[in-house]
There are 2 protein chains.
Amino acid sequence: MNIGAHTFEEFKSLVAAFHGYPAPGVLLGGYMVEMARTALPPGVLFEVVAESAKCLPDAIQLLTPCSAGNNWMKVINLGRYALVMYDKYTGEGVRVYVDARRLEAWPELRAWLMKEKPKAEQNAENLLKEIEAAGDRVCGIQTIRIHSRFLEHAHMGEVGLCPVCGEGFPKNDGAICRGCQGGAPYDLIG
Amino acid sequence: MNIGAHTFEEFKSLVAAFHGYPAPGVLLGGYMVEMARTALPPGVLFEVVAESAKCLPDAIQLLTPCSAGNNWMKVINLGRYALVMYDKYTGEGVRVYVDARRLEAWPELRAWLMKEKPKAEQNAENLLKEIEAAGDRVCGIQTIRIHSRFLEHAHMGEVGLCPVCGEGFPKNDGAICRGCQGGAPYDLIG
C-alpha cells in the first residue's frame, strides 16, 4: 500500500536516509501520518503531537511540514504508538493509534509491537511485508480537541546575557540561565 | 562560507524544504553542527544534545544521522543557542555555542539573537548575509563529557495492553498507560 504520494520502497529509502535505517516503526508511522492527514479538511494548517518518542517523530517530520525545530511537531511521550494531528487555530483534529484488536491478522507485526519475541527470533523481512500489506488497517482513528494551551505559542520575552556563562538566554528563565542553574547534562572540561 | 559539503544556497534550500522556510536559526545552526563535527575524531559514532528547541534541532537532523525519532538527538531546553556532540560510547565531545563577545562585528545577527529590535525593523536579507559571512566565527567551542546516564539507552521492558484504553504501553509506566493517567493533552470527542 502506498504511503501518501510515495510507494513503500520510495518511503523506505527516505526513511533509511533520514533515520539511519528503514525502521519498522517509521514505516508504520508513515501510514499513520497519512491516515490522519486524509481525515483533516484539505488545506488546513495543522500541528502534530507524537505520543511516542520512538520512530514516530521521524515519520511525521518526513511527511509533513512539522518538525522538532519549527515546533509544529511536539513529542509528549505517553508510551502509546499514536499521534494527534489538529487544526492549529481551532485545535480540532484526529488521533490515529494502533488498534490492538486489529493486529490479530498480522502475527509478525503484533509480535514486534507487543515485544512477544526476542529480537533474534523476529523475522525482519516478514515484518516489513506485513507492515506494507496491512497499511493503515491496523489503525484506529478518533476525533479529538487539543487543549487550548497548545494553540498559543510561547513567547520568549527579552533576551539577556547570563552573568555566569556569558551566553544569551531568555530573562524569564531567572537571574542566571537554566544551564548554569544545574540543567546541563555534561561537565565542561576545557 | 560553505556548510559542510553544502554551499550556503544549497543548505538554504534544504532548510526551506524541511523546516518550512530558510530560518536564520537553522542556517546559523548548520555552521554550529559542522564546527562540532570537525572537532570530533573522524569516524566516531556520536550523539547530539540541542540546548534550544528553536531551529537548532533541524540543523542537527539535516546534517547528521541524529534525529528526534532515532533518539540520537535529544532536546534539553536550556534556553541557550548551543549544542553538545559526543562520542556515544565514551561520552567525550564538544560544545559549540554562540559567543556573545564575537557578535560585535555582526550587528544584524546580534540584534536578531539578542532580540534588540522588533521583527518589523529587522532586515532579513542583511541577517542572512551576515550569517553566511560570519559562519562559525561567532561561535565558541568547549570540551565536555556528557553525564553517564546519557550513555545508556533506556529499555522499554515488557509491553502490555492498557486496561482503560486497550492500547499497547510499557508496563513499567504503571497499571494504566500514561495517557489514561491524565497525560494526554486533548479531549476525545468521538
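Residues numbered from 1 in each chain as written. Chains lettered and ligands numbered in written order. Predicted model: local features only at pLDDT ≥ 70, side-chain atom pairs only at ≥ 80, totals over all residues. Heavy atoms only, no water.

Asker: I'm lost on the overall build of chain A in this one. Help?
Answerer: Looking only at helices and strands, one finds 6 helices and 8 strands in chain A. In chain A, the succession of helices and strands from N to C terminus is α-α-β-α-β-β-β-α-α-β-β-β-α-β. Within chain A, the proportion of its 190 residues that are buried is 51%. Sequence separation of at least 24 residues holds for 65% of the intrachain contacts in chain A that already meet a minimum separation of 6. Accessible surface for chain A amounts to roughly 8,700 Å². Of this, 54% is attributable to carbon and sulfur atoms. (Helix = DSSP H or I, 4+ residues; strand = E, 2+ residues; numbered from the N terminus. Buried < 20%, exposed > 50% of the residue type's maximum accessible area, 1.4 Å probe, protein only. Contact = heavy atoms within 4.5 Å. Areas by Shrake-Rupley, 256 points an atom, 1.4 Å probe, with all protein chains shown as cover.)

Asker: Before we go on, may I ask you to explain the domain arrangement of chain A in this structure?
Answerer: For interface size, the figure often reported is the accessible area lost on association. Under the domain assignment, chain A is made up of domain 1 (8-151) and domain 2 (156-190). A separation of 35 Å is found between the C-alpha centroids of domain 1 of chain A and domain 2 of chain A. (Domains from an automatic or database assignment.)

Asker: Is there a simple way to explain the relation of the copies chain A and chain B in this structure?
Answerer: Put simply, the second copy of the chain is the first one after a rotation about an axis and a shift along it. Rotating chain A by 180° about the axis while translating it 0.0 Å along that axis superimposes it on chain B, leaving an RMSD of 0.0 Å. Considering both components of the superposition, the chain copies are consistent with a two-fold axis. Across chain A, the smallest distance between a C-alpha and the rotation axis is recorded for Ala68(A), namely 3.5 Å. Looking at chain A, 100% of its interface residues are interface residues in chain B too, so the copies touch through the same face. (Least-squares fit on C-alpha atoms with pLDDT ≥ 70 in both.)

Asker: Before we go on, may I ask you to explain helix α3 (residues 56-63) of chain A in this structure?
Answerer: What sets the pattern is the α-helix's 3.6 residues per turn: residues three or four places apart point alike. Among the 8 residues of α3(A), 7 are classified as buried, and the element is accordingly described as predominantly covered. Buried residues of α3(A): Leu56(A), Pro57(A), Asp58(A), Ala59(A), Ile60(A), Gln61(A) and Leu63(A), and no others.

Asker: Mind showing me how you'd approach the sheet that holds strand β3 (residues 82-87) of chain A here?
Answerer: For sheets, the rule is that strands pair by backbone hydrogen bonds, running either parallel or antiparallel. An order of β2(A)-β1(A)-β3(A)-β4(A)-β5(A)-β8(B) is seen for the 6 strands of this open sheet, with the pairing classed as mixed. The sheet is open, and its two borders are formed by β2 (73-75) of chain A together with β8 (186-188) of chain B, each paired with just one other strand. Pairs of neighbouring strands in the sheet enclose a mean axial angle of 30°, with direction left out of account. Alignment of strand β1 (residues 46-50) of chain A against β3(A), held across 5 bridges, turns out to be antiparallel. Residue pairing for β3(A): Val49(A) is matched across the bridge by Val84(A). (Pairing = 2+ DSSP bridges. Axes fitted to C-alpha atoms, helices over the stretch in contact; angles between N-to-C directions.)

Asker: Can you walk me through the sheet that holds strand β5 (residues 139-146) of chain B in this structure?
Answerer: The strand order across the open sheet formed by 6 strands is β8(A)-β5(B)-β4(B)-β3(B)-β1(B)-β2(B), and the pairing between neighbours is mixed. Edge strands, defined here as strands with exactly one partner in the open sheet, are β8 (186-188) of chain A together with β2 (73-75) of chain B. When the angles between neighbouring strand axes are averaged without regard to direction, this sheet yields 30°. In terms of strand pairing, strand β4 (residues 92-98) of chain B meets β5(B) through 7 bridges, oriented antiparallel. Its bridge partner being in β5(B), Val94(B) is matched across the sheet by Thr143(B). Packed on one face of the sheet, helix α2 (residues 24-39) of chain B meets β1 (46-50), β3 (82-87), β4 and β5 of chain B and runs near 150° to β4(B). Packed on one face of the sheet, helix α3 (residues 56-63) of chain B meets β1, β2 and β3 of chain B and runs near 180° to β2(B).

Asker: Would you mind going over the packing of aromatic side chains with me for this structure?
Answerer: Geometrically, a pair of aromatic rings is defined through the distance of the ring centres and the angle of the planes. Within the structure shown, the criterion is met by 3 aromatic pairs over all chains. Geometrically, the ring pair formed by Phe8(A) and Tyr31(A) is stacked, given 6.4 Å between the ring centres and 15° between the ring planes. Of the two residues, Phe8(A) is situated in helix α1 (residues 8-19) and Tyr31(A) in helix α2 (residues 24-39); the sequence distance between them amounts to 23 residues. According to the relative accessible area criterion, Phe8(A) is buried, its value standing at 3%. Assessed through its relative accessible area of 2%, Tyr31(A) is described here as buried. Centroid distance Phe18(A) to Phe18(B): 5.5 Å. Interplanar angle 45°. Geometry classified as tilted. (Phe/Tyr/Trp six-rings, centres within 6.5 Å; stacked < 30°, edge-to-face > 60°.)

Asker: How should I be thinking about the pattern of salt bridges in this particular structure?
Answerer: Close approach of charged atoms allows side chains with opposite charge to pair. Under the definition given, this model contains 32 salt bridges over all chains. The residue Glu51(A) makes a salt bridge to Arg80(A) at a minimum N-O spacing of 3.0 Å. In this pair, Glu51(A) sits in the loop between β1 and α3 while Arg80(A) sits in the loop between β2 and β3, placing the two residues 29 residues apart along the sequence. Notably, a salt bridge pairs Glu167(B) with Arg95(A), separated by 2.7 Å at the nearest N-O pair. Linking Glu167(B) in the loop between β6 (159-161) and β7 (168-170) with Arg95(A) in strand β4 (residues 92-98), this pair reaches from one chain into another. What emerges from the salt-bridge pattern is a single network uniting Glu51(A), Arg80(A), Arg95(A) and Glu167(B). (Salt bridge = Lys/Arg side-chain N within 4 Å of Asp/Glu carboxyl O.)

Asker: For this particular structure, what's the right way to read the state of the cysteines?
Answerer: The term disulfide refers to a covalent linkage connecting the sulfur atoms of a pair of cysteines. Per the stated rule, a full pass over the model turns up 0 disulfides over all chains. Counting only cysteine sulfurs, Cys139(A) is the nearest neighbor of Cys55(A), a cysteine outside any disulfide, at a range of 14 Å. (Disulfide = S-S within 2.5 Å.)

Asker: Just checking my understanding: could you explain the pairing of β4(A) for this structure?
Answerer: Two faces make up the sheet, and in a regular strand the side chains alternate between them. Residues and elements named next belong to chain A. In terms of residue burial, β4 counts as a mostly covered element, since 6 of its 7 residues are buried. Where β3 and β4 come together, 5 bridges link them in antiparallel fashion. Paired with Leu-83 across the two strands is Val-96, which belongs to β4. The antiparallel pairing of β3 with β4 creates a hairpin that spans 4 residues between the two strands, and Gly-91 there sits at a positive phi of about 80°.

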